[in-house]
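Given next are the chains, with one letter for each unit.
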Amino acid sequence: MGGVPERDLRRFLADSTPLAAGGRAILLQIADPVVAAGVRRHSDFARRPQQRLAHTLTFVYAVVVGTDADAAVAAGFVDRAHRPVAGADDVDRQLWVAATLYDSAMRAHELFGTPAGPALAGRVLDAYAPIGTALRVPADRWPATVADFDRYWTGTLAGLRVTDDARGVVRDLLHPRFAPLWVRAAMPLVRVVTVGMLPDALRSQYGFAWGPREQRRFRRTVRRVRVARAILPGWLLRLPGPLLLQAMRRYAAGGQPARTRTA
């Protein structure tokens, strides 16, 4: 898909705006009962909820904007983390995990930054395809066009079911008891953004209270985040990716093993 200069594509992919949708992606992923069961049994959400988000973001940056070596290292970490998890190699589940990362990134840019036009959305979709293959999804299963993705997304979303496993993960994620103070201080904002970005049907399944007051609060928060993002220099918005990749490279070079988990 043409029409987008490579430099503009790389800047879009390196932008950290999708950080705001990290919680949304996780809640969408665990709305699949098999994914929720695996996460509940094999992730330490209660004590380190911020680590799963950081590991997932590292994986995305490594595969989408990193070098081939970065992508291979990140895929290796994921593969090792998935070995003891029942259903972790299920193609349909891993396709869904990859799809939530693309959709959440695009949704974050739409809400907090600049929405991607059709040409850019298609190029970004292509750039996210290696996330699927890194999760052992056959290349031909990744949607070829944005229209194909939208059809897949709508159909899969309709079949999701929030279980008690998922609700337990959400409690640990959005109300962390053992997280560092700075994480707990940020959680009111994180909860508003995460719950507000969910599709209506899933928000109801999770049991989140949501009415006119919550909607107004969400809109105010979106406006404030947009203003804050608009005044940040571009280099600062692109800084988290290189920092996460540097940390991953240190682990791979002999530091503590990175425990990247995306499902």
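What to know about the overall build of the chain
Then step 1. When helices and strands are counted, the chain shows 14 helices and zero strands.
Then step 2. When the elements of the chain are put in sequence order from the N terminus, they spell out α-α-α-α-α-α-α-α-α-α-α-α-α-α.
Then step 3. Within the chain, the proportion of its 263 residues that are buried is 48%.
Then step 4. Restricting to contacts in the chain with at least 6 residues of sequence separation, those with at least 24 account for 81%.

Some details on the packing of aromatic side chains
Then step 1. Evaluation of the coordinates by the stated rule reveals nine aromatic pairs.
Then step 2. Measuring from centroid to centroid gives 5.7 Å for Y102 and Y128, while their planes differ by 70°, and the two rings are edge-to-face. With a gap of 26 residues between them, Y102 in helix α6 (residues 91-112) and Y128 in helix α7 (residues 118-134) connect regions that are remote in the sequence. Here Y102 and Y128 have matching classes, each one buried.
Then step 3. Relative to F149, the ring of Y102 has its centre 4.8 Å away and its plane inclined at 75°; by these criteria the two rings are edge-to-face. In this pair, Y102 sits in helix α6 while F149 sits in helix α8 (residues 146-158), placing the two residues 47 residues apart along the sequence. The same class applies to Y102 and to F149, which are both buried.
Then step 4. Among the aromatic residues, ring-to-ring pairing joins W96, Y102, Y128, W142, F149, Y152 and W153 into one connected group.
Then step 5. Between R203 and the ring centre of W210, over which it is positioned, the NZ or CZ distance is 4.5 Å.

Overview of the nonpolar core
Then step 1. Of all hydrophobic cores here, the largest spans 62 residues; its most connected members are I30, Y102, V124, Y128, I131 and Y206.
Then step 2. Among the elements that make up this core, the one with the highest residue count is α6 (nine residues).
Then step 3. Those residues within four positions of Y128 in sequence are excluded, and the remaining contacts are L13, V60, V64, L101, Y102, A105 and W142.

With respect to the side chain of D103
Then step 1. Mapped onto the fold, D103 is located in helix α6.
Then step 2. Reaching out from D103, the side chain makes a polar contact with the side chain of R24 at a distance of 2.9 Å.

Considering unusual backbone geometry
Then step 1. Phi at R136 is positive, roughly 70°, even though this residue is not glycine.
Then step 2. Assessed through its relative accessible area of 47%, R136 is described here as partly exposed.

Some points on the environment of Q29
Then step 1. Within the secondary structure, Q29 sits in helix α2 (residues 22-29).
Then step 2. Take Q29: its relative accessible area is 1%, and that puts it in the buried class.
Then step 3. Considering only alpha carbons, one finds Q29 and W96, 67 residues apart in sequence, at a separation of 6.9 Å.

A closer look at a nonpolar patch on the surface
Then step 1. A cluster of nonpolar side chains, I231, L232, W235, L236, L239 and L243, forms an exposed patch at the surface whose accessible area comes to about 580 Å².
Then step 2. Within the fold, L236 resides in helix α13 (residues 234-237).

Digging into helix α12 (residues 212-231)
Then step 1. The end-to-end C-alpha distance of α12, which contains 20 residues, comes to 29 Å, matching closely the 28 Å that a straight helix rising 1.5 Å per residue would cover.
Then step 2. Listed as buried for α12 are F218, T221, V222 and R229. Projected down its long axis, α12 shows its buried positions confined to an angular sector of 105°, all on one face. Across from the buried face of α12, at angles greater than 90 degrees, the exposed residues are P212, R213, R223, R224, V227, A230 and I231.

Rules used in this analysis
Residues numbered from 1 in each chain as written. Predicted model: local features only at pLDDT ≥ 70, side-chain atom pairs only at ≥ 80, totals over all residues. Heavy atoms only, no water. Helix = DSSP H or I, 4+ residues; strand = E, 2+ residues; numbered from the N terminus. Buried < 20%, exposed > 50% of the residue type's maximum accessible area, 1.4 Å probe, protein only. Contact = heavy atoms within 4.5 Å. Phe/Tyr/Trp six-rings, centres within 6.5 Å; stacked < 30°, edge-to-face > 60°. Lys NZ or Arg CZ within 6 Å of the ring centre and 35° of its normal. Core = buried A, V, L, I, M, F, W, Y, C linked by side-chain atoms within 4.5 Å. Polar contact = N/O pair within 3.5 Å; in protein donor to acceptor, adjacent residues only side chain to side chain. Patch = residues over 30% accessible without salt bridge, like charges linked within 9 Å, V, L, I, M, F, W, Y side chains within 5 Å. Areas by Shrake-Rupley, 256 points an atom, 1.4 Å probe, with all protein chains shown as cover. Salt bridge = Lys/Arg side-chain N within 4 Å of Asp/Glu carboxyl O. Expected span 1.5 Å × (residues − 1). Arc of directions from axis to C-beta.

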